[in-house]
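# Report on the structure
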Amino acid sequence: MSLSELNLSLFEWINASSHATDWMIVFAIFIANDLFYIMLLIFLFFWLRGSFAIKKQIIKAFIFTCAALLFSQIISHSFYHPRPFMMDVGRTLIYHSPNGSFPSDHMLIFSSIAFAYFFSAKRSIGIILIAIAWLVAWSRVYLGVHFPLDMLGAFFLAFVLNFFGLAIWNQYKVMIMQFVLRVHYFLFKPLIEKGYIK
């Protein structure tokens, strides 16, 4: 069996069948679309109210995620692969623009954040976030906008960038945090002084 055949076979196994229940579809849509915004709100809250250590971890995750998305754009344009609905494969239950499928940006974002925590003192949080990332991966395939290999590719890219980029982060993290916190203090000085945010 070729890699393309395996990819298609896994997709057909995971993708929602015509017998899929409404509650399962609603759950998958929530995970695929809405969980991202909830995570953003959680990170925003912890950034505004969190300690220096929490802020440092958020900045680390942000930088690695931005780097991963940049690499993703290069890969997507260099090795274009159509999405399932563009190939008239399976069921598509949410709208998605007909752009490149590989690698998955959603999976890349969640995986990059997860590995940023995994390769830190907060490894237990990283493990939980890795599980959430794979839940997101399932939902995007289930709803018909990605293939399984899109998810594996994103997961591997996030791992590689975090693993090999850790030394660079450790070398420059003090300088980065000093700059970011100066900007943060400049923007929120009145609220910081009143104790509303940290």
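Residue indices begin from 1 for each chain and proceed along its sequence in written order. With the structure being a predicted model, the display of local features is reserved for residues of pLDDT at least 70 and the display and counting of side-chain atom pairs for 80 or more, all residues being used for whole-chain, interface and lining totals. Note that the side-chain values use all heavy atoms of the structure and ignore hydrogens as well as water.

## A closer look at the overall build of the protein chain
For the protein chain, the count of helices and strands is six helices and zero strands. Secondary structure elements follow DSSP: runs of H or I no shorter than four residues count as helices, runs of E no shorter than two count as strands, and numbering proceeds from the N terminus. The order of helices and strands in the protein chain, counted from the N terminus, is α-α-α-α-α-α. If you line up the protein chain on its principal axes, its C-alpha atoms span 55 × 35 × 30 Å. Per-residue accessibility, obtained with a 1.4 Å probe over protein chains only, is compared with the maximum for each type, and a residue is labelled buried under 20%, exposed over 50%, and partly exposed between these values. Across the 198 residues that make up the protein chain, the buried fraction comes to 39%. For the protein chain, restricting intrachain contacts to residue pairs at least 6 apart in sequence, the fraction spanning at least 24 positions comes to 76%. Distance from the positive charge centre (14 side chains) to the negative charge centre (8 side chains) of the protein chain: 25 Å. It only takes one pair of heavy atoms within 4.5 Å for two residues to be counted as in contact. Two residue types count as positive, namely Lys and Arg, and two as negative, namely Asp and Glu; His and chain ends fall outside the count. Note that the charge is assigned to NZ on lysines, CZ on arginines, CG on aspartates and CD on glutamates.

## Notes on the side chain of Lys60
You can see Lys60 is positioned in helix 3 (residues 52-78). For the buried Lys60, which has no salt bridge, the nearest side chain bearing the opposite charge is Asp105, at an N-O separation of 21 Å. Not counting residues up to four positions away in its chain, the partners in contact with Lys60 are Ala116, Phe119, Ser120, Leu166 and Trp169. The salt bridge criterion pairs a side-chain nitrogen of Lys or Arg with a carboxyl oxygen of Asp or Glu, the two atoms within 4 Å.

## Things to note about the confidence of the model for the protein chain
A residue's pLDDT is the confidence the predictor assigns to it, expressed on a 0 to 100 scale. When pLDDT is averaged along the protein chain, the result is 93; 100% of the residues meet or exceed 70. Per-residue pLDDT, averaged within each element of the protein chain, yields its smallest value for helix 1 (residues 3-14) (90) and its largest for helix 5 (residues 123-142) (97).

## Examining the nonpolar core
We call a set of buried residues a nonpolar core when its members are Ala, Val, Leu, Ile, Met, Phe, Trp, Tyr or Cys and they connect through side-chain atoms within 4.5 Å of each other. Formed by 38 residues in total, the largest nonpolar core has its most connected members in Ile113 and Tyr117. Of all elements in the fold, only helix 2 (22-49), helix 3, helix 4 (105-118), helix 5 and helix 6 (148-193) reach the threshold of two or more residues within this core. At ten residues, the largest contribution of residues to this core is made by helix 4. Not counting the four nearest positions on each side in its chain, Tyr117 is found in contact with Phe43, Gln57, Ile58, Ala61, Lys122, Arg123, Ile125, Gly126 and Leu129.

## Some points on helix 3
Its 27 residues give helix 3 an end-to-end C-alpha distance of 39 Å, which sits within 8% of 39 Å, the value for a rise of 1.5 Å per residue. The complete set of buried residues in helix 3 reads Lys55, Gln57, Ile58, Ile59, Lys60, Ala61, Phe64, Thr65, Ala68, Ser72 and Ser76. Its buried side turned inward, helix 3 meets helix 2, helix 4 and helix 6. A helix is expected to span 1.5 Å multiplied by its residue count minus one.

## Focus on the packing of aromatic side chains
Centre distance within 6.5 Å is the pairing criterion for rings of Phe, Tyr and Trp, where only the six-membered ring of Trp is used; planes under 30 degrees apart are then read as stacked, over 60 as edge-to-face, and the remainder as tilted. Inspection of the entire model under this criterion finds 16 aromatic pairs. By the ring-pair criterion, three or more aromatic residues cluster together here, those being Phe115, Phe118, Phe119, Trp134, Phe155, Phe159, Phe163 and Phe164. Both a distance and an angle decide whether a charge sits over a ring: NZ of Lys or CZ of Arg must be within 6 Å of the ring centre and within 35 degrees of the ring normal. A cation over an aromatic ring shows up here: Lys55 above the ring of Trp47, its NZ or CZ 5.4 Å from the ring centre. When the ring centre of Phe118 is taken as reference, the NZ or CZ atom of Arg123 above it lies at 4.2 Å.

## Points about the side chain of Asn15
With respect to the helices and strands, the residue Asn15 is situated in the loop between helix 1 and helix 2. A residue is classified by how much of its surface remains accessible, and Asn15, at 8% relative accessible area, is buried. In this view, Asn15 contacts Gly90, Arg91, Val141, Tyr142, Leu143 and Gly144; residues no more than four positions away in its chain are not counted.

## A short note on unusual backbone geometry
Following Phe102, the chain continues to Pro103 via a peptide bond in cis, the omega torsion being -10°. Tracing the backbone through its elements, the reader meets Pro103 in the loop between helix 3 and helix 4. Of note, the phi angle at Asp88 is positive, near 55°, even though the residue is not glycine. Looking at where Asp88 falls in the secondary structure, it is placed in the loop between helix 3 and helix 4.

## Observations regarding helix 6
With 46 residues, helix 6 ought to run about 68 Å at 1.5 Å a step, yet its terminal C-alpha atoms sit only 49 Å apart, falling short of that. A residue's bend is simply the angle between two axes: one fitted to the seven residues ending at it, one to the seven starting at it. Along helix 6, the helix axis deviates most sharply at Leu187, where the bend reaches about 70°; the proline Pro190 sits within four residues downstream. Of the residues one or two after helix 6, Gly195 is the one with positive phi, at around 85°.

## Digging into a nonpolar patch on the surface
Nonpolar side chains (Val, Leu, Ile, Met, Phe, Trp, Tyr) are joined into patches within 5 Å and like charges within 9 Å, using only residues with over 30% relative accessible area and no salt bridge. For the area figures, the Shrake-Rupley method with a 1.4 Å probe applies, and any residue is considered shielded solely by the protein chains shown. Taken together, the side chains of Trp23, Phe27, Phe30, Ile38, Ile42, Phe45, Phe46, Ile54 and Leu135 define a hydrophobic patch exposed on the protein surface, amounting to about 820 Å² of accessible area. With respect to the helices and strands, the residue Phe45 is situated in helix 2.

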